[in-house]
Amino acid sequence: MNRIIFAAAALAASAAIAYAQDPIVGNWKTELGDTAAIAPCGSGYCITLKSGKHAGEQVGNFNGKDGSYEGKITDPDAKKTYDGSLTVSGNALKMKGCVLKVVCESQTWPRL
């Protein structure tokens, strides 16, 4: 009987952890078709490319919660870092990177 109670408690705890996970966490498909993983790191979230010619490179670091984030994004080809913002809505991540908050570019990545 104790095993059944323990198993039920463990299942409930794992469901609560999955539900509490921030919406930004997961794998996303970049505009170039590569896979980018967003995971907790430090006090925020890091973006690491998992496929393509820059696989293994960290290209972003953001802080925020509940679908809205601010931080830095790096263009791995140009090796330049920009101020950025991310918003998550359903299975879409909208990313915006700006130079001096004047010249901005946006991309939308679908969740994998």
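Before reading on, note that the structure itself is shown above.
Not measured: the values here are computed from a predicted model. (Residues numbered from 1 in each chain as written. Predicted model: local features only at pLDDT ≥ 70, side-chain atom pairs only at ≥ 80, totals over all residues. Heavy atoms only, no water.)

## Considering the overall build of the chain
Spelled out, the test is: The helix count covers DSSP runs of H or I at least four residues long, the strand count covers runs of E at least two residues long, and both are numbered beginning at the N terminus. For every residue, the accessible area obtained with a 1.4 Å probe (protein chains only) is divided by the maximum for its type, and the residue is called buried under 20%, exposed over 50%, and partly exposed between those limits. The criterion used for residue contact is that any of the two residues' heavy atoms lie within 4.5 Å. Accessible surface is estimated by sampling points in the Shrake-Rupley manner with a 1.4 Å probe; for residues, cover comes only from the protein chains shown.
A count of helices and strands for the chain gives one helix and eight strands. Relative to its 112 residues, the chain shows a buried fraction of 29%. Considering only residue pairs separated by 6 or more positions, the chain has 25% of its internal contacts joining residues 24 or more positions apart. Looking at the chain as shown, the accessible area adds up to about 7400 Å², and 57% of this sits on carbon and sulfur atoms.

## Details of the state of the cysteines
Defined simply, a disulfide is a covalent bond joining two cysteines at their sulfur atoms. Our working rule: Note on terminology: pairs of cysteine sulfur atoms within 2.5 Å are recorded as disulfides.
Taken as a whole and assessed by the stated rule, the structure comprises two disulfides. Covalent S-S linkage joins C98 and C104, the inter-sulfur distance amounting to 2.0 Å. Judged by the torsion about the S-S bond (110°), the C98/C104 disulfide is right-handed. Among the cysteines of the chain that take part in disulfides, numbered as they appear in the sequence, the pairing is 1-2, 3-4.

## Comments concerning the pattern of salt bridges
Here is the rule we go by: Salt bridge criterion: a side-chain nitrogen from Lys or Arg within 4 Å of a carboxyl oxygen from Asp or Glu.
Tallied over the entire structure, the rule returns three salt bridges. The salt bridge partner of D77 is K53, with a shortest N-O separation of 3.2 Å. Taken together, the residues D77 in the loop between strand 5 (68-75) and strand 6 (80-89) and K53 in the loop between strand 3 (44-49) and strand 4 (58-65) connect sequence positions 24 residues apart. The class for D77 is partly exposed, based on a relative accessible area of 47%. You can call K53 exposed: its relative accessible area is 68%.

## Remarks on the side chain of D22
Rules: Only four residue types enter the charge count: Lys and Arg as positive, Asp and Glu as negative, with His and the chain ends excluded.
The topology assignment puts D22 in the loop between helix 1 (2-20) and strand 1 (26-29). Of the side chains with opposite charge, R111 comes closest to the buried, unpaired D22, at an N-O distance of 7.9 Å. In this structure D22 touches Y45, K65, D66, G67 and Y69, once residues within four positions along its chain are discounted.

## Considering the environment of G97
Relative to the elements of secondary structure, G97 occurs in strand 7 (residues 92-99). Through-space distance from the C-alpha of G97 to that of D75 is 9.5 Å; in sequence the pair is 22 residues apart. Apart from the residues within four sequence positions on either side, G97 is in contact with I73, D83, G84, V103, C104 and E105.

## Structural notes on the layout of surface pockets
Applicable threshold: Lining residues are defined by having an atom within 4 Å of a point belonging to a cavity or pocket. Those points lie on a 1 Å grid over the protein atoms alone, cavities being sets where a 1.4 Å probe fits but cannot get out and pockets being open sets with protein on both sides within 12 Å along at least five of seven lines. Grid points are joined across faces, edges and corners, and a volume is the space filled by probe spheres set on the points. Gly falls in the polar group here, along with every residue not listed as nonpolar (Ala, Val, Leu, Ile, Met, Phe, Trp, Tyr, Cys, Pro) or charged (Asp, Glu, Lys, Arg).
Of the pockets and cavities examined, the largest pocket occupies roughly 620 Å³. Together, 26 residues line the largest pocket, and I73, T74, D75, P76 and Q107 are the ones closest to its centre. For the lining of the largest pocket, the secondary-structure elements that each account for two or more residues are strand 5, strand 7 and strand 8 (103-110). Here the residues of the lining of the largest pocket are counted per class, giving twelve nonpolar, seven polar and seven charged.

## Notes on a nonpolar patch on the surface
Going by this rule: Every patch collects residues that have over 30% relative accessible area and no salt bridge, joining them within 9 Å if they carry like charges and within 5 Å if they are nonpolar side chains (Val, Leu, Ile, Met, Phe, Trp, Tyr).
Residues V99, L100, V102 and V103 make up a contiguous nonpolar surface patch of roughly 420 Å² in combined accessible area. As for its placement among the helices and strands, L100 is situated in the loop between strand 7 and strand 8.

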